[in-house]
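Overview (structure and organization)
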Amino acid sequence: YDWKEWRLCVGDTEMTIYIHSLLLGYSRKKYYEVSLSITSEDIIQFLHDGIAYFEGYASQLVIDNPKQLVIKHPKKGAIQYNDLFLKFCGLYRITPDACRPYRARTKGKVERPFYYLQEHFLRGLKVSTLSELDMKLVEFNQDCNALKNRSIGESPNDRFDVEKKALIQLPKLGLMGTTDR
C-alpha cells in the first residue's frame, strides 16, 4: 500500500487529491482510489475497499511509514502502529510490515506504478467533477491491469487468476434464515 499527493484542477478549482494504491505482489494487479484527505480513517477505508475489489487479501501488508499508520519505527525495537490500524489488521488477521525507513527497495513494486500513473494519467488531466475523476481512474486501472507487465511478461489480470487462489477469501454471507451447508 502507498499513496500519492497530487494537485489537480477539478472544474475551475485547483485542489489537492490523494491517490491510494494497493498492489498485489505476485500478479502486480493494482487498485486505485481517490480521497480528499489522508487520515488513518481514509487509509483504512481504502484498504477495506481494496480487499472487496480483489475479493480477498494477502496475510501480509507492506506499507511505508506514514504517520497515519506508524507512530514510531526505531532502528532497533518494536514498531509502534496506530491503534485503529492494528484493529483493522487484527480483524482480517493481516500482519502489517512497515518498510525500514529510507529503504525504497523494499517497496519498489508499489512506487513504480505511481510514476506510470503520473505520466500516463495525471499529467495534464482535466476533469469537471470528482465523479468524472473517479470514473476515469476506474477505466485507467482496468487498462493497466490488462496490459502486459514487462517485469513478469504477462498482464496482471492473467496472473491474478493464479494469485486469487492464494488470497484469503472473504467469508460468504448467507441470507437470513438460510444456512450454507
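One can find the structure itself at the top, above this paragraph.
Here's a quick rundown of the structure. No experiment lies behind these values; they were computed from the predicted model shown.

Some details on the packing of aromatic side chains
Enumeration according to the criterion identifies 12 aromatic pairs in this entry. For the pair Tyr53 and Phe54, a centre-to-centre distance of 5.2 Å together with 70° between the ring planes defines the contact as edge-to-face. Since its relative accessible area comes to 32%, Tyr53 is described here as partly exposed. When its relative accessible area of 2% is taken as the criterion, Phe54 is described as buried. Taken together through their ring pairs, the aromatic side chains of Tyr1, Tyr31, Phe46, Tyr53, Phe54 and Phe160 make up a single cluster. Geometry around Tyr26 places Arg159 over its ring, the cationic atom sitting 3.8 Å from the centre.

Description of unusual backbone geometry
Even without being a glycine, Arg28 presents a positive backbone phi close to 70°. Mapped onto the secondary structure, Arg28 falls in the loop between strand 2 (13–23) and strand 3 (30–35). Of the residues examined, Arg28 reaches a relative accessible area of 17% and is grouped as buried. Located in the positive-phi region is Arg93, a residue other than glycine, with phi close to 60°.

Re the environment of Glu132
Structurally, Glu132 can be placed in helix 4 (residues 130–146). Considering only alpha carbons, one finds Glu132 and Val10, 122 residues apart in sequence, at a separation of 9.2 Å. If sequence neighbours within four positions are ignored, Glu132 has contacts with Lys126 and Val127.

Description of the nonpolar core
Ranked by internal contacts, the top residues of the largest apolar core, which has 26 residues, are Tyr1, Leu47, Leu61, Ile63, Phe85, Phe88 and Ile94. Listing elements by their share of this core, those giving two or more residues are strand 2, helix 1 (40–54), strand 5 (60–63) and helix 2 (83–92). Sorting elements by how many residues they give to this core places helix 1 first, with six residues. Excluding residues within four positions of it along the chain, Ile94 makes contact with Ile51, Tyr57, Ala58, Ser59, Gln60, Leu61, Phe88 and Cys89.

Remarks on the pairing of strand 1 (residues 2–10)
Of the two faces of strand 1, only one is covered, namely that formed by Asp2, Lys4, Trp6, Leu8 and Val10; the face formed by Trp3, Glu5, Arg7 and Cys9 stays uncovered. As judged from the nine bridges shared by strand 1 and strand 2, these two strands associate in the antiparallel manner. Looking across to strand 2, one finds that Val10 is bridged to Thr13. Linking strand 1 back to strand 2 in an antiparallel pair, the connection comprises two residues, with Gly11 at a positive phi of about 65°.

The rules behind each value
Residues numbered from 1 in each chain as written. Predicted model: local features only at pLDDT ≥ 70, side-chain atom pairs only at ≥ 80, totals over all residues. Heavy atoms only, no water. Phe/Tyr/Trp six-rings, centres within 6.5 Å; stacked < 30°, edge-to-face > 60°. Buried < 20%, exposed > 50% of the residue type's maximum accessible area, 1.4 Å probe, protein only. Lys NZ or Arg CZ within 6 Å of the ring centre and 35° of its normal. Helix = DSSP H or I, 4+ residues; strand = E, 2+ residues; numbered from the N terminus. Contact = heavy atoms within 4.5 Å. Core = buried A, V, L, I, M, F, W, Y, C linked by side-chain atoms within 4.5 Å. Pairing = 2+ DSSP bridges.

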